[in-house]
Amino acid sequence: MFISKVTSGFRVNNYKNNYSFQRSGMLSPLKADTFSFSGKVQDKNKESRLKEKTIYIFLGPPASGKGTQAQKLAKKLNIAHISTGDLLREEVKNETKLGLEAREYMNNGKLVPTELFGRILVDRISQEDCQNGYILDGFPRTEEQAQMIDELNSKENAKIKVIQLVVDEDKLIERMTSRAKHQSREDDTVDKLKTRIDVYNGVKDTLVNYYGEKVVTIDANADIKAVQMQIDENIQDDLA
Ligand code: AMP
């Protein structure tokens, strides 16, 4: 697999299973040992419950509950849950080169440039527990990232289903206020939330238009169980 940043996106080619990832403007590829893997591994003794390989993409503003719902769905379907926020937080925690660079963007509620971390996502998706399908939580966040998934998926042509969580802004602020009291995420403060909501709102329509009929919209103002039930109803046809 070879990914390179081109003027308007990424180019992905298979290359004898050797991964390389170039940052624009850099001549030499980043070394593989700069990165580490993360994410929950599915139960290997259980088969995925899906009829066909499916990539579920969760779209939603911060505090919309997409992490919680993505995790629950992954467990139900026995497929991997990949959160780019978690992957990046792991890098920050381990103080890797990537983590040190990403931290600044994350703490300001800004998007981390895809060319910085695309490589760890590609590596994660190529793991065995993603072979029957996986859930992306927090990715894509730009049209360029959506194109990257399509390119990575171009050989397999797995089905893509997008679950869009919609929540009123005052509800998001209410949730974030209570979350900030219980957690110590540096970007999980009410003042950073506004920036993160704006970043999401700036790209939401582009992504919803990009995916068109693949999008199912869920009213996520309700409690966790009620939202989960709505999601379940929308995935019934995907089950074997
Ligand atoms: P999240 O946990 O999904 O809210 O992500 C936390 C932070 O990680 C975001 O505010 C971004 O700074 C960064 N991040 C996560 N996913 C992405 C992505 N797909 N593209 C760029 N930055 C990301």
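Before reading on, note that the structure itself is shown above.
Residues numbered from 1 in each chain as written. Predicted model: local features only at pLDDT ≥ 70, side-chain atom pairs only at ≥ 80, totals over all residues. Heavy atoms only, no water.

(A) Layout of the nonpolar core. Ile57, Ile82, Leu121, Tyr134, Leu136 and Tyr211 are the most contacted members of the largest nonpolar core, which has 33 residues in total. If we ignore the near neighbours within four places in the chain, the residues touching Ile57 are Leu136, Phe139, Pro140, Ile149, Ile160, Lys161, Val162, Ile163 and Tyr211. By size, the runner-up hydrophobic cluster in this structure holds 24 residues, among which are Leu50, Ile163, Ile231 and Leu239. (Core = buried A, V, L, I, M, F, W, Y, C linked by side-chain atoms within 4.5 Å. Buried < 20%, exposed > 50% of the residue type's maximum accessible area, 1.4 Å probe, protein only. Contact = heavy atoms within 4.5 Å.)

(B) Inspection of the sheet that holds strand S5 (residues 80-83) at higher detail. Strand order in the open sheet made by the 5 strands is S5-S6-S4-S7-S8, with parallel pairing throughout. The outermost strands of the open sheet, each flanked by one partner alone, are S5 and strand S8 (215-219). Across the sheet, the mean angle from the axis of one strand to that of its neighbour is 20°, orientation sign disregarded. Where strand S7 (residues 159-166) lies against S8, 5 bridges are found, and the strand directions are parallel. Of the residues in S8, the one forming a bridge with Val166 is Asp219. Contacting strand S4 (54-59), S5, strand S6 (133-137) and S7, helix H1 (residues 66-77) crosses the sheet at an angle of about 160° to S4. Packing against the sheet, helix H7 (residues 190-211) makes contact with S4, S7 and S8, and its axis sits at approximately 145° to S7. (Pairing = 2+ DSSP bridges. Helix = DSSP H or I, 4+ residues; strand = E, 2+ residues; numbered from the N terminus. Axes fitted to C-alpha atoms, helices over the stretch in contact; angles between N-to-C directions.)

(C) Representation of the packing of helix H3 (residues 97-107) against helix H4 (residues 114-125) within the structure. In contact at an axis separation of 10 Å, H3 and H4 are set at 125° when each is read in the N-to-C sense. In terms of their interaxial angle, H3 and H4 are classed as oblique. Of the two elements, H3 crosses H4, and the hand of that crossing is left-handed. Note on element contacts: H4 touches H3 through Leu116, Phe117 and Ile120, opposite Leu98, Glu101 and Tyr105. When the residues that make up the contact of H3 with H4 are grouped by side-chain class, the tally is 5 nonpolar, no polar and 1 charged. (Parallel < 35°, antiparallel > 145°, perpendicular 65-115°, else oblique. Left-handed = near helix turned anticlockwise from the far one by under 90°. Nonpolar A, V, L, I, M, F, W, Y, C, P; charged D, E, K, R; others polar.)

(D) Layout of the site of the ligand. Around the ligand sit 16 residues, and of these Thr84, Lys110, Gly138, Arg141 and Gln145 come closest. Coverage of the ligand by the protein amounts to 96% of the 480 Å² it exposes when considered alone. Broken down by element, the residue count for the shell around the ligand peaks at 4 residues, all from helix H2 (residues 84-93). Taken together, the residues of the shell around the ligand break down into 6 nonpolar, 4 polar and 6 charged. (Near = heavy atom within 4 Å. Areas by Shrake-Rupley, 256 points an atom, 1.4 Å probe, with all protein chains shown as cover.)

(E) Molecular detail of the side chain of Asn153. Summarising the element assignment, Asn153 is placed in the loop between helix H5 (143-152) and S7. Polar side-chain contacts of Asn153 include one of 2.9 Å to the backbone nitrogen of Ala158. Residues within four places of Asn153 in sequence aside, it is in contact with Ile55, Ala158 and Ile160. (Polar contact = N/O pair within 3.5 Å; in protein donor to acceptor, adjacent residues only side chain to side chain.)

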